[in-house]
Amino acid sequence: TNQIAYGKSKIHKTGKGGSEFLANAVFGLFKEDGTKLFEYTTDKKGEVTSVDLRFGTYYWKELVAPLGYHLNDTKHYFTITEEDHESVIHLPISNEYIKAKVLVSKIDSETKEPLENVGFKILDSNNEVITIKYQEGKNIIEKNEWFTDSDGQFLLEASLPYGKYTLIESKPLE
C-alpha cells in the first residue's frame, strides 16, 4: 500500500545567545507560496510543534515577538520529504534583546539654560541603583552616577536592556 509522507516541525525559540527560552512568541506556519496555515504561541520552554504536515516546503515566521525582544521576521524554511516520514524537523530561532542608549538633558525651568554638574542616578524596576560597566581603553569602568556637562547633558556609556527605569537627581545644583 502507498502511504502519504508526513512530518512535523518544532521551533526552539531562544534569546541571549541560546541561554534563555522565550515564551509567548507568536509564529505563523506558512506554505512555501505564502498561504498561512496555522498560528502558534511558544510555551515556557520556547517551543512549538506543528501538526502533521504532508511532504512539501513550509516556513515559520514570527508574527509577535516576546516582550522586550526585537521581532525576527526572517522566513525559516524547512522541507518535509518522504525520508522525513513521521520525524520532527527541529529549527532553532533566536531573538535579540531590545536595548537603548539614554541621553539626559537638564535645563533651568525658567531661563531654559543648560545646567552643568547636576548628578543623576538611575533606578531599575526594583528601585535598585543600576551600575553600568564599560571599557575605556584597557580599563573596565563601573559607574552608577552621572553628571551633566556644560551643555546640561550626559549620555550613558552603555545601553540599557528593555525595562522600566526611574531617573533621580542625586546631586542638585547648589
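We now turn to the structure provided with this report. (Residues numbered from 1 in each chain as written. Predicted model: local features only at pLDDT ≥ 70, side-chain atom pairs only at ≥ 80, totals over all residues. Heavy atoms only, no water.)

On to the sheet that holds strand β4 (residues 36–41). The strands that make up a sheet are held in pairs by hydrogen bonds between backbone atoms, and each pair lies either parallel or antiparallel. The strand order across the open sheet formed by 4 strands is β4-β3-β7-β8, and the pairing between neighbours is antiparallel. The open sheet is flanked by β4 and β8 (76–80), the only strands paired with a single partner. When strand polarity is set aside, the average angle formed by the axes of neighbouring strands in this sheet is 25°. Relative to strand β7 (residues 56–64), strand β3 (residues 26–31) runs antiparallel, the two sharing 6 bridges. In the sheet register, L29 faces β7, and the bridge partner there is W60. (Pairing = 2+ DSSP bridges. Helix = DSSP H or I, 4+ residues; strand = E, 2+ residues; numbered from the N terminus. Axes fitted to C-alpha atoms, helices over the stretch in contact; angles between N-to-C directions.)

A few words on the environment of I141. Here I141 shows up in strand β14 (residues 139–143). Distance from I141 to E157, taken between C-alpha atoms, is 9.8 Å for residues 16 residues apart in sequence. Those residues within four positions of I141 in sequence are excluded, and the remaining contacts are I132, K133, Y134 and E136. (Contact = heavy atoms within 4.5 Å.)

It is worth spelling out the pairing of β8 at this point. Burial of β8 is one-sided: the residues H76, F78 and I80 facing one way are buried, the residues Y77 and T79 facing the other way are not. The sheet contact formed by β7 and β8 spans 5 bridges and is antiparallel. Opposite Y59, over in β8, you have Y77 as the bridge partner. (Buried < 20%, exposed > 50% of the residue type's maximum accessible area, 1.4 Å probe, protein only.)

The next subject is the sheet that holds strand β18 (residues 166–171). Pairing within the open sheet is antiparallel, and its 3 strands lie in the order β15-β12-β18. Looking along the sheet, the strands with just one partner apiece sit at the ends: β15 (146–147) and β18. One ladder, built from 5 bridges, connects strand β12 (residues 119–123) with β18; its direction is antiparallel. Residue pairing across strands places L123 opposite T166, the latter belonging to β18.

Okay, the environment of F78 next. Topologically, F78 is positioned in strand β8. Each residue touching F78, except ones within four places of it in the same chain, is listed here: S9, L29, L53, G56, T57, Y58, Y59, W60, I89 and L91.

Inspection of every chain in the model, using the stated rule, returns 8 salt bridges. A salt bridge links E39 to K36; the nearest nitrogen and oxygen atoms lie 2.4 Å apart. (Salt bridge = Lys/Arg side-chain N within 4 Å of Asp/Glu carboxyl O.)

Pairing of strand β1 (residues 6–15) with strand β6 (residues 53–54), which is carried by 2 bridges, proceeds in the antiparallel orientation. Along β6, the bridge assignment pairs G7 with L53. Where β1 lies against strand β9 (residues 88–94), 7 bridges are found, and the strand directions are parallel. Its bridge partner lying in β9, I11 is registered against L91. Inspection of the sheet shows β1 paired to strand β5 (residues 47–49) by 3 bridges, in the antiparallel sense. Bridge pairing in β5 places H12 opposite E47. Sheet analysis places β1 next to strand β2 (residues 20–21), joined by 2 bridges and oriented antiparallel. Note that in β2 the partner of G15 across the bridge is E20. Hairpin connection, β1 to β2: the antiparallel pair is bridged by 4 residues, and K16 has positive phi, about 50°.

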